[in-house]
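Summary of the model geometry
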Amino acid sequence: MTQSTDHHAPDGLRTRGTVIVVPGRGETRATYARFGSRLAYDAYRVRVVDLPAADPAAVAPFLDTLTQRLSEAIDGIAAETPDGPPRPLVLVGSDLGAAGIAALLAGAHSGATWWPQAAVLAGLPGNGSRAGGGWEDELDVRTHCPTHRGVLTGDASVERGALAGAVPQDLLDAAYESAAAIPHLLLVGDADPLADRDALARAAKTLPKARLTVVRGAHHDVLNDLPHRSVAAEVVTFLEALRTELVPAVAVEASAW
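A brief look at the structure comes next. (Residues numbered from 1 in each chain as written. Predicted model: local features only at pLDDT ≥ 70, side-chain atom pairs only at ≥ 80, totals over all residues. Heavy atoms only, no water.)

Here we look at the overall build of the protein chain
The criterion, for reference: Here a strand is any run of E in DSSP of at least two residues, a helix any run of H or I of at least four, and the numbering for each starts at the N terminus. Each radius of gyration reported is based on C-alpha atoms, and the globular scaling rule is 2.2 Å times the count of residues to the power 0.38. Burial status follows relative accessibility: with a 1.4 Å probe on protein chains alone, a residue under 20% of its type maximum counts as buried, one over 50% as exposed, and anything between as partly exposed. Residue contacts are defined here by distance: any two heavy atoms, one from each residue, within 4.5 Å place the two residues in contact. Here the accessible surface of atoms and residues is derived via Shrake-Rupley with a 1.4 Å probe, and residues count as covered only by protein chains that are part of the display. Asp and Glu count as negative and Lys and Arg as positive, but His and the ends of the chain are not part of the count. Here the site of a charge means atom NZ of a Lys, CZ of an Arg, CG of an Asp or CD of a Glu.
Along the protein chain, the regular secondary structure elements total eight helices and seven strands. The C-alpha radius of gyration of the protein chain comes to 17 Å, within 12% of the 18 Å expected for a compact globule of 257 residues. By principal-axis analysis of the C-alpha atoms, the protein chain measures approximately 50 × 50 × 40 Å. When burial is assessed residue by residue, the protein chain has 51% of its 257 residues classed as buried. For the protein chain, the proportion of contacts with a sequence separation of at least 24, taken over those separated by at least 6, is 80%. Accessible surface computed for the protein chain: about 11600 Å², of which carbon and sulfur atoms make up 52%. For the protein chain, the separation between the mean place of its 22 positive charges and that of its 31 negative charges on side chains is 4 Å.

Right, dumping it as structure tokens:
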């Protein structure tokens, strides 16, 4: 059985949905403790799973393992209540986790038990992008948030140098060619050296329901960089908009800034 880390809505509040988070290269479940806790505080049930250890160069086995991981995570939450996991069910992936989710959505059937109502793809890497150098260089590519740099450095399970190799082309091709009809939120930092902004823009146009959000000052770990509060707020706004057919609850009528 796959291990996972859970974040629950506060006692007394009705849970507003279920979020499954898949980390990226080198990351652990602890990498998303801050993000998961923040969404849970807004009354979402969050479960962070491990990134599959299978070689992503063998695309089919990698996606099979990811499918099993998602199914186990959702089945486990479903067993907690007679009505199953609170809806909407949303998949969130970062880096390789984002590529895996996008590739799965491109090829799977919408009747699958793990099929979500929406997806958040954060830091989807570009073709051939990789980070070289030592650990400090990799941290600079990932994040400039001192707290998160400390989390990564202090976690002995984080795989240093994981960004040195590019995500396999076949997996990225499947991810970028997805036309899954569910709503997508694409998040990218404007200082992410591993991103391909042109490819992301094309993907946002290919997907029937997609929003591409660029985060000023953010690097590759866009969910965990200096603007992490604003990014979490954008994710929560997206989650809430799913309840109203993607019509935001708040609209600016006039503004001087």
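Observations regarding the packing of helix 2 (residues 59-78) against helix 3 (residues 96-107)
In plain terms, the rule: Angles run from 0 to 180 degrees between N-to-C directions of axes, and those axes are lines fitted to C-alpha atoms, restricted for helices to the stretch in contact. Working rule for angles: under 35 degrees goes down as roughly parallel, over 145 as roughly antiparallel, 65 to 115 as roughly perpendicular, anything else as oblique. The nonpolar class holds Ala, Val, Leu, Ile, Met, Phe, Trp, Tyr, Cys and Pro. Asp, Glu, Lys and Arg form the charged class, and all remaining residues, Gly among them, are polar.
As a packed pair, helix 2 and helix 3 sit with axes 10 Å apart at the nearest point and diverge in direction by 90°. Judged by the inter-axis angle, helix 2 sits roughly perpendicular to helix 3. Mapping the contact onto sequence places F62, L63, L66, T67 and L70 in helix 2 and L96, G100, I101, A103 and L104 in helix 3. A breakdown of the residues in the contact of helix 2 with helix 3 according to their chemical character gives eight nonpolar, two polar and no charged.

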